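Chain by chain, the residues run as shown.
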Amino acid sequence: MELQPLLHDLLVAVHAPTQAWSDADGQIGLADGRGAQGVYHGDVRVLAGARLTVGGTAPEAVASGADGPGRARTVLLARAVDGPGADPTARLERLREVVPGRVTETLTLSCSTAEPVAARLEVALRPDGTPMDWIKSGAAVQAAPAPERTADGARWQADADVAAVLSAPGADVAVAADGTVRLAWDVKATTGEPVAVAWTLDVTDAAGPVTAPRRAEPEWQPLDVEAADRRLPALLDQALADLGTLRLSARFAPDDVFLAAGAPWFFTLFGRDSIWAARMLLPLGTELAAGTLRTLATLQGTKVDPATAEQPGKILHEVRRAELSMPGEGTVLPPVYYGTVDATPLWVCLLHDAWRWGMPADEVEALLPAMERALAWMSDHGDSDGDGFLEYADETGSGLANQGWKDSGDSVQWKAGGLATGPIALAEVQGYAHEAAVAGAALLDAFGREGGDRWRAWAAALAERFRASFWTSDERGAYPGIALDADKRVVDTVTSNIGHLLGTGILSAEEEATVAARLVGPDMDSGYGLRTMSTESAGYWELRYHGGAVWPHDTAIVVQGLARAGHAREAAALAEGLLAAAQDFDQRLPELYGGDARGTVPRAVPYPAACRPQAWSAAAAVSVLGAALGLAPDVPGGRLTVAPPVPSPLGAVAVRGLRLGGAPLAVRVGADGSVQVEAEADVAVHLRS
């Protein structure tokens, strides 16, 4: 039986496009070659095993964890060479450092003994060339490449384009008949004088679609945060460190930077994920948003191609090195795949928001033709049956059955159970489209282009159709369903999707209040964040990917919407849940985690195959901070409105390191809603109670 490998208890070090995964003791690789452990470059695993012994025995771990961006450290006891007594007297530290295209592991032996400690350190390395999708499926690994011995290590070809070179200065190197590369050092440590050895793996990729950015430093500045809630600064520190290691560039747009969706499975360009992450990070500057917009515009759809789901004006879903095939699932995606219904309107929303945050006018104007094509897609192709709603349907039978952010096969369910049949029109996508149409109209007007009135009218008509078609009710009152099915029936499950409608303009203030009340009920608010599906639904399960688990980015989007709509208490409740969960994950919020109610479990329950670090989960911390600050910028109009919600979702908080219009911005919000702002951009600051 093929099972997806679990990740929740693995140690990870990442610096895109390279990543290393190991057991908590630093050991890489399982005996049968399965599991996610290994060193990856892009979407190819180049090393499947790195097993350490000291004196012929595996050392025992006593501590391990992240040690800064791209670093993981394990503290081990070398009991095979230890002295007598209860106190450990010989210890080994295993430091793994990842930079783009390189993994270095340093082994440091130290001791506290009267006599020197002599030891033989050995590392058995297993070369590999297995594609990421094969590993994710849990299938048996492919045949390993044959390594070639070099002067101080070995080299091998992982696949046609990816090559690996191993160097181990001072080591005895041997290549076994089964392809294992064995390194050995005879070392001697004395008290106060530790001894260190190291091995390095360098990887090159001749043709992968993504690569390390030309600029090594992140586009944003460090944040200086003072907060009454001490959990917040730690969460933000870890989030920004992780986001810095997820930066990538595309070979087809090498001068621009975007964020990889997440490690290990989604270590590439994703339209929706990269857009949302960039949008959440706008308070830190517009450079990442601009790079994301331009990168995606480069491959904006130009033709109708059912095999790839490409359509004119459409923004892509994902880019891979080769066809993505998931053994046993029947899913086969082409290298450039457009199967997403929401990336296109979200691209327009990001362009508008980046403009408001101060993205240079010439850069915005250069993207307006792409924006016009994206808007046209919403009415010409996104609405495939002419009913006035954006919907999707996989025409190939091998693509994604669901093409919103909840893209698993069972994510759109009826409240009583059973899957909805497509074409499917998702509720939140109509909200995105409404917001995109209004935002696009504002940009067209500002830059003297035609079409603004048309898109405002289109948005108004969409809102009326939505009000007439998407609302349903139960014993607790009215609410929007998750979707319309092929027969235009309201799929009646209560889900987090409806929280994404807040702030898009598609709901009236009264309707927003109704949605807000639904979202913080005990069936939706787990105490660790917002569940993706109500516990009252037949399909609910705490560890169902899109049917009960909590996704931090999902919660953050809803927190932002609640704050914008004036529902401060509801926003505060969900934000506090994220802070509580972050503590249980060492401040590194994973892609998702269990929907168990807080207080019924000893800690937030990991979803065992969740990515971490993950771009929009890390960016969620900045999004929630932005919601608490209540910033509404309009750099083109020379105005910054500051209206923090009261009570504040985060209590009193002061932040330096924000950017507005390319200039520093500092904001201090008191627990009572009082505000102090220092803005160096040419804007007038307006405080709104």
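The preceding data block contains the structure.
Residues numbered from 1 in each chain as written. Predicted model: local features only at pLDDT ≥ 70, side-chain atom pairs only at ≥ 80, totals over all residues. Heavy atoms only, no water.

1. Digging into the side chain of Arg 320
Assignment of secondary structure puts Arg 320 in the loop between strand S20 (318-319) and strand S21 (324-326). On the basis of relative accessible area, Arg 320 is assigned to the buried category, the value being 9%. Side-chain polar atoms of Arg 320 contact the side chain of Glu 318, separated by 2.7 Å. Leave out the neighbours within four places in its chain, and Arg 320 touches Asp 43, Pro 209, Trp 265, Phe 266, Thr 268, Phe 270 and Pro 335. (Helix = DSSP H or I, 4+ residues; strand = E, 2+ residues; numbered from the N terminus. Buried < 20%, exposed > 50% of the residue type's maximum accessible area, 1.4 Å probe, protein only. Polar contact = N/O pair within 3.5 Å; in protein donor to acceptor, adjacent residues only side chain to side chain. Contact = heavy atoms within 4.5 Å.)

2. Some remarks on the packing of helix H5 (residues 343-357) against helix H7 (residues 368-380)
To describe two helices that pack against each other, one gives the angle between their axes and the distance between the axes. Viewed as axis vectors pointing N to C, H5 and H7 meet at an angle of 140°, and their least axial separation amounts to 9 Å. Of the two elements, H5 crosses H7, and the hand of that crossing is left-handed. Residues Thr 344, Pro 345, Trp 347, Val 348 and Leu 351 of H5 lie in contact with H7, whose contacting residues are Leu 368, Ala 370, Met 371, Ala 374, Leu 375, Trp 377 and Met 378. Broken down by class, the residue content of the contact of H5 with H7 amounts to 11 nonpolar, one polar and no charged. (Axes fitted to C-alpha atoms, helices over the stretch in contact; angles between N-to-C directions. Left-handed = near helix turned anticlockwise from the far one by under 90°. Nonpolar A, V, L, I, M, F, W, Y, C, P; charged D, E, K, R; others polar.)

3. A look at the sheet that holds strand S28 (residues 490-491)
Here we have three strands laid out as an open sheet, ordered S24-S27-S28, and antiparallel in their pairing. The sheet is open, and its two borders are formed by strand S24 (425-426) and S28, each paired with just one other strand. Alignment of strand S27 (residues 483-484) against S28, held across two bridges, turns out to be antiparallel. Among the inter-strand pairings, Leu 484 is bridged to a residue of S28, identified as Val 490. (Pairing = 2+ DSSP bridges.)

4. Digging into the pairing of strand S32 (residues 663-669)
Consecutive side chains along a regular strand alternate between the two faces of the sheet. Burial of S32 is extensive: five of the seven residues sit out of reach of the surface. Pairing of strand S31 (residues 653-660) with S32, which is carried by six bridges, proceeds in the antiparallel orientation. Each residue of the ladder has a partner; that of Arg 659, found in S32, is Pro 664.

5. Thoughts on empty space enclosed by the protein
Tallied over the full model, the rule gives five cavities of 30 Å³ or more. Size it by volume and the largest cavity reaches roughly 80 Å³. As for the largest cavity, its lining consists of 13 residues, of which Gly 42, Asp 43, Val 210, Phe 267 and Thr 268 are closest to the centre. By residue class, the composition of the lining of the largest cavity is six nonpolar, three polar and four charged. (1 Å grid on protein atoms, 1.4 Å probe; cavity = no way out; pocket = protein on both sides within 12 Å on 5 of 7 lines; lining within 4 Å. Points joined across faces, edges and corners; volume = space filled by probe spheres on them.)

6. So, helix H9 (residues 452-469)
Between the first and last C-alpha of H9 there are 26 Å, a value that for 18 residues agrees with the 26 Å anticipated at 1.5 Å per step. Every buried residue belonging to H9 is among Gly 452, Trp 455, Trp 458, Ala 459, Leu 462, Ala 463 and Phe 466, and all of these are buried. Around the axis of H9, the buried residues are gathered within 140° of arc, so they sit on the same side. Counted as exposed and oriented over 90 degrees from the buried face of H9: Asp 453 and Ala 468. Against H7, helix H8 (427-446), strand S25 (471-474) and strand S26 (477-480) lie the buried residues of H9. (Expected span 1.5 Å × (residues − 1). Arc of directions from axis to C-beta.)

7. Considering the pattern of salt bridges
In total, this model carries 45 salt bridges according to the counting rule given. Two residues, Asp 255 and Arg 214, come together in a salt bridge whose shortest N-O distance is 2.4 Å. You can see Asp 255 sitting in strand S19 (residues 253-259) and its partner Arg 214 sitting in the loop between strand S16 (210-211) and strand S17 (224-227), a full 41 residues away along the chain. On the basis of relative accessible area, Arg 214 is assigned to the exposed category, the value being 64%. Salt-bridge contacts for Arg 456 lead to Asp 453; the nearest nitrogen and oxygen are separated by 2.9 Å. Of this pair, Arg 456 and Asp 453 are both found in helix H9, three residues apart, which corresponds to roughly one turn of the helix. For Arg 456, a relative accessible area of 32% gives the class partly exposed. A cluster of three or more residues bridged by salt bridges with shared partners is formed by Asp 67, Arg 71, Arg 73, Arg 91, Glu 93 and Glu 97. (Salt bridge = Lys/Arg side-chain N within 4 Å of Asp/Glu carboxyl O.)

8. Here's the deal with the sheet that holds S16
Strand order in this open sheet of three strands is S16-S18-S19, and the pairing throughout is antiparallel. Bordering the open sheet on either side are S16 and S19, each of which pairs with just one other strand. As defined by bridge partners, strand S18 (residues 247-250) adjoins S19 across three bridges and the pair is classed as antiparallel. The residue bridging Ala 250 from the neighbouring strand is Ala 253, located in S19. Helix H4 (residues 287-298) rests against S18 and S19 of the sheet, and its axis sits at about 115° to S19.

9. A look at the packing of aromatic side chains
In total, this model carries 11 aromatic pairs according to the counting rule given. Between Phe 266 and Phe 270, the ring centres sit 5.5 Å apart and the planes meet at 80°, which makes this aromatic pair edge-to-face. Judged by its relative accessible area of 6%, Phe 270 is buried. Summarising the aromatic geometry, the rings of Tyr 545 and Tyr 607 are spaced 5.6 Å apart at their centres and angled 45° between planes, so their arrangement reads as tilted. Placement of the pair is Tyr 545 in the loop between helix H10 (509-519) and helix H11 (552-564) and Tyr 607 in the loop between helix H12 (568-584) and helix H13 (615-629), with a sequence separation of 62 residues. A network of ring pairs unites the aromatic residues Trp 405, Tyr 545, Trp 551, Tyr 607 and Trp 616 as a single cluster. Residue placement shows Arg 465 over the ring face of Phe 389; its charged tip is 5.9 Å from the ring centre. Over the face of the ring belonging to Phe 585 we find Arg 603, whose NZ or CZ atom lies 5.2 Å from the ring centre. (Phe/Tyr/Trp six-rings, centres within 6.5 Å; stacked < 30°, edge-to-face > 60°. Lys NZ or Arg CZ within 6 Å of the ring centre and 35° of its normal.)

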